Amino acid sequence: MKTRPTIAMIPSGYGVGKLHNIIPVGESFTWTRGSSATRVNKDGLIELVGNDVPRLDYSSGGCPKLLLENSSTNYVVRSEDLANSAWGKANTDGVNASVSTIFNTLTGENNASLIEFSQSANEVDYNVVRQDANITINNGEFFSASAWIKAAESNDVGKKINLYIYNKTNSSYEVVKVFTVTSEWQRIAINEELTEGDAALIEFTIGKARDYLGGVPLNEFTNKVLVYGCQLEIATKESSYIPTSGAIASRSVDSGSLDNINSLLGNNATLFLQGSSDNDQGGGSLYFLDINDTLLGRLYFKQANLDDKSRIRLENPLYELNSDFKENVKLALKNKNGVYTLFINGQQINNATEQTLFGINRIDLRGFALVKGGQTFIDKMFIYDKELTDEELINLTK
């Protein structure tokens, strides 16, 4: 018979400022986020939720996962309205692209931009829709540019389009990429390091780049394309979409706390957590604190300075253990009479003695403050008021 956890969080019930546990009934994480934010809802639509609402995200289909992200800012304005004057149109054959607004199957609203590029009999050197974004990026910092695209007509499926970034401060092209247009919505992205000097003005451009820059050949260039959700961030990877209208907009960090749990746990206990991160530079984190809010330990889902490994860190005394990152991390940490054993994805990793992790009174889930961009998803979290057997832990983390 399976051991029943004392505390179990499987993302399901929630409200403003609350993420409900399924065990014990009535216990909840207190949830904060100082802004609205987007998620993929159960119907597969991109949806905006309000301040302090936990994001149960259905991006992967099936059961929802808890989405954790750090704060970020979208420096593109009118991110859904490329017909607006905030977006310039330019080309070499004298006929600008035409842009109109149509129904968007990603959101269920009229907020997709239909772009029809001119197709001249003469070779077109460039044909673009673009915006100058006021953004300060230091040389060596990472930026992320992204948008959703889809072929508007069947004869555009398989055609190509450029997304590129021009550093107007230094009159240099940072990166030019080619993407193939399909019959389904796809999010295209550029995640790169700024290498041509500090920038205060960046041009976000979609269309056909100049040939010598790696622009799409005219016979392969798409004629009509749907575009939605343009985003420019100071980040190592694109994060969830941040809609903008006439000004830039920001999303605050996700943070949840489960407090006063020391009475539910004994000296011997087991923690189980399942989740993943999509960012090679880092992910979300889980913190353990005692009754005095002293940090006892933490878990990171991936860090670049650890060569994309996950880390468990205990504080008293300091103990760190890194493990090979798996796309879906299943981690269990048990304490039996002061000896800690860590299991990750069905394997026992190591023992550590004389730690003081259990004394946990509060657990915090949050976006990792040192990492910009990307998403962390929590599938479930269990805490048991006893040490599980090694066999149970191997089976639990497989």
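Residues numbered from 1 in each chain as written. Predicted model: local features only at pLDDT ≥ 70, side-chain atom pairs only at ≥ 80, totals over all residues. Heavy atoms only, no water.

## Topic: the overall build of the protein chain
Item 1. Helix and strand content of the protein chain: one helix and 31 strands.
Item 2. Looking at the protein chain as a whole, 53% of its 398 residues qualify as buried.
Item 3. Long-range contacts, defined as pairs at least 24 residues apart, comprise 69% of the intrachain contacts of the protein chain with a sequence gap of at least 6.
Item 4. Total accessible area computed for the protein chain in this model is approximately 16400 Å², and 45% of it derives from carbon and sulfur atoms. (Helix = DSSP H or I, 4+ residues; strand = E, 2+ residues; numbered from the N terminus. Buried < 20%, exposed > 50% of the residue type's maximum accessible area, 1.4 Å probe, protein only. Contact = heavy atoms within 4.5 Å. Areas by Shrake-Rupley, 256 points an atom, 1.4 Å probe, with all protein chains shown as cover.)

## Overview of the packing of aromatic side chains
Item 1. Counted by the stated rule, this structure contains nine aromatic pairs.
Item 2. Ring geometry for Trp-87 versus Phe-204: centroids 5.9 Å apart, planes at 75 degrees, classification edge-to-face. One end of the pair, Trp-87, is in the loop between strand E9 (72–74) and strand E10 (88–91); the other, Phe-204, is in strand E18 (residues 199–208), with 117 residues separating them in the sequence. By the burial criterion, Trp-87 is buried, and Phe-204 matches it.
Item 3. Between the aromatic rings of Trp-148 and Tyr-241, the centroid separation amounts to 5.9 Å while the plane-to-plane angle is 80 degrees, which identifies the pairing as edge-to-face. (Phe/Tyr/Trp six-rings, centres within 6.5 Å; stacked < 30°, edge-to-face > 60°.)

## Section: unusual backbone geometry
Most peptide bonds are trans, and most residues other than glycine sit at a negative phi.
Item 1. Along the chain, Ile-23 connects to Pro-24 via a cis peptide bond; the corresponding omega equals -10 degrees.
Item 2. Position of Pro-24 among the secondary structure elements: in the loop between strand E3 (18–20) and strand E4 (28–32).
Item 3. Positive phi outside glycine occurs at Asp-52, with the angle close to 65 degrees.
Item 4. Note on Asp-52: relative accessible area 26%, which makes it partly exposed.
Item 5. Phi at Arg-78 takes a positive value of approximately 50 degrees, unusual for a residue other than glycine.

## Structural notes on the nonpolar core
Item 1. Membership of the largest hydrophobic core comes to 36 residues, with the highest contact counts inside it found for Phe-204 and Leu-232.
Item 2. Among the secondary structure elements, those contributing two or more residues to this core are strand E13 (127–137), strand E14 (142–151), strand E15 (160–167), strand E16 (172–180), strand E17 (186–193), E18 and strand E19 (224–233).
Item 3. For this core, the leading source of residues is E14, giving five residues.
Item 4. Within the second largest apolar cluster, 27 residues are counted, among which are Leu-56, Leu-68, Leu-271 and Leu-331. (Core = buried A, V, L, I, M, F, W, Y, C linked by side-chain atoms within 4.5 Å.)

## Quick notes on the pattern of salt bridges
Item 1. With the rule as written, the count across this model stands at 16 salt bridges.
Item 2. The salt bridge partner of Lys-65 is Asp-379, with a shortest N-O separation of 3.5 Å. Residue Lys-65 is found in strand E8 (residues 65–68), and its partner Asp-379 is found in strand E31 (residues 376–384); the two are separated by 314 residues along the sequence. For the pair Lys-65 and Asp-379, a shared accessibility class is recorded, and that class is buried.
Item 3. Between Asp-211 and Lys-208 there is a salt bridge; the shortest N-O distance is 2.7 Å.
Item 4. Residue classification places Asp-211 among the partly exposed positions, given a relative accessible area of 36%. (Salt bridge = Lys/Arg side-chain N within 4 Å of Asp/Glu carboxyl O.)

## What about the sheet that holds strand E11 (residues 98–104)?
Item 1. If you walk across this open sheet you meet the five strands as E11-E12-E19-E14-E17, and the pairing is antiparallel. The open sheet has two edge strands, E11 and E17, and neither has a second partner. Pairs of neighbouring strands in the sheet enclose a mean axial angle of 35 degrees, with direction left out of account.
Item 2. As judged from the seven bridges shared by E14 and E19, these two strands associate in the antiparallel manner. Within E19, the position partnered with Ala-145 by the bridge is Leu-232. (Pairing = 2+ DSSP bridges. Axes fitted to C-alpha atoms, helices over the stretch in contact; angles between N-to-C directions.)

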